[in-house]
Structures are given as C-alpha cells and as structure tokens.
Amino acid sequence: MDHSNYQIETLISAKTIAARVEDLASEISAHFADTDKLIVVGLLRGSFVFIADLVRELDLPVEVDFIEASSYGNSTESSREVRILKDLRGEIEGRDVLVVEDIVDTGFTLSHVLAILKTRNPKRLAVCALLDKPSRREVDVRATWTGFEIPDEFVVGYGIDYAQRNRNLSYIGAVRFTA
C-alpha cells in the first residue's frame, strides 16, 4: 500500500488541547504539591510539544529529562519490540518522577519504560499521557492522567508524527490515506 497520499482531518483542536493541558497541570501540581523537585521525563520524540506546554503550566519546581524509545519506526503499526535509543541523563532514585507520553496505544513502549524506571527506585512514579487508545491495548498499563481518549485512529500533530512528518501541526489530526 502506498502511504504517500493522505489527508489529515482535525480530531482535537489546538484550543481544546491548551485548555486540557492547563487542567492536567493543575491536577499534577496538586498531586505533587509536597515535592522538592519533580523530574518530568518526556518520551521522545512524540511528547516534546506536550511536555513543553505542560511544564510551563506546572506550579512546581521541575527538572526535565528525556528517554527515547521506539516501537514504530516508519510504520503505522507497533513492532512490539521496544528499543531504548536515548536514556536519562540524571538519577531518579528517591525522586518524584512524572513520565510524559504522547499516546498510549498497545502499551508496550510505556510498560517497558516504566519497568526500567522502577528498577531505579524513584520515590513516586506517575504517568501523564496526552492521548489514550484503550481499544488497542495489549499490555495492562494505564496513565495516571490522560488528556483525551481517542478511537483507533492513526493520528499526527502536536509533536506526533507519521514517518517524521506533521509534528509541527498545532492540533491532533486523524490520518486518512487516499488512493
């Protein structure tokens, strides 16, 4: 199938995303109100726009770090083989950690990353996902906070890509392949 021809249909507007990010930040700030510093770990690359907006709304002292994991490559289907391409630079032992994920789909990537982080003995470990596709879940993993639950659609925008394209869209769009 030739995937070079596609259109993008708006699923979640930029304005709706911004309002939800504010709400999520309020809930996360309340949950971690007693922290001396929250280590916000972004799962690259899809979470970079979301994490930038989210940390600016948090009313907490934060440190930002990143992990890059891959289970997709240039495909629209998860390979179910998770590879860590970039690990954290800092230590998380005894620290409060918030993992920020763009989308929880099959759950393989998030489950794998959480298993690795748990071995490093964080004080608290929570997850905030922008998008959740529960209909696709193959591993029992859930985000502590979720921005939006979406149907089984391939999406792009707001940091999320298709073959490294469309990350710069200000909204979340569903990819519609054309003949």
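That block above? That's the structure.
Here the structure is a predicted model, which means the values were calculated and not measured. (Residues numbered from 1 in each chain as written. Predicted model: local features only at pLDDT ≥ 70, side-chain atom pairs only at ≥ 80, totals over all residues. Heavy atoms only, no water.)

S.K.: Would you mind going over the packing of aromatic side chains with me for this structure?
M.R.: Here the distance between the centres and the angle between the planes together describe a pair of aromatic rings. Considering all chains together, one arrives at six aromatic pairs under this definition. A ring pair is formed by Phe 154 and Tyr 162, whose centres lie 5.6 Å apart and whose planes are at 80°; its orientation type is edge-to-face. As far as burial versus exposure is concerned, Phe 154 and Tyr 162 are alike and both buried. Site record: aromatic cluster; members linked through ring pairs are Tyr 6, Phe 154, Tyr 162 and Phe 177. (Phe/Tyr/Trp six-rings, centres within 6.5 Å; stacked < 30°, edge-to-face > 60°. Buried < 20%, exposed > 50% of the residue type's maximum accessible area, 1.4 Å probe, protein only.)

S.K.: Honestly, the sheet that holds strand E8 (residues 155-156) in this entry has me stumped. Any pointers?
M.R.: The strand order E1-E9-E8 describes an open sheet built from three strands, whose pairing is antiparallel. Every other strand in the sheet has two partners, leaving strand E1 (6-12) and E8 as the edge strands with one partner each. With six bridges connecting them, E1 and strand E9 (residues 172-177) associate as antiparallel partners. Across the sheet, residue Tyr 6 finds its bridge partner in E9, namely Phe 177. (Pairing = 2+ DSSP bridges. Helix = DSSP H or I, 4+ residues; strand = E, 2+ residues; numbered from the N terminus.)

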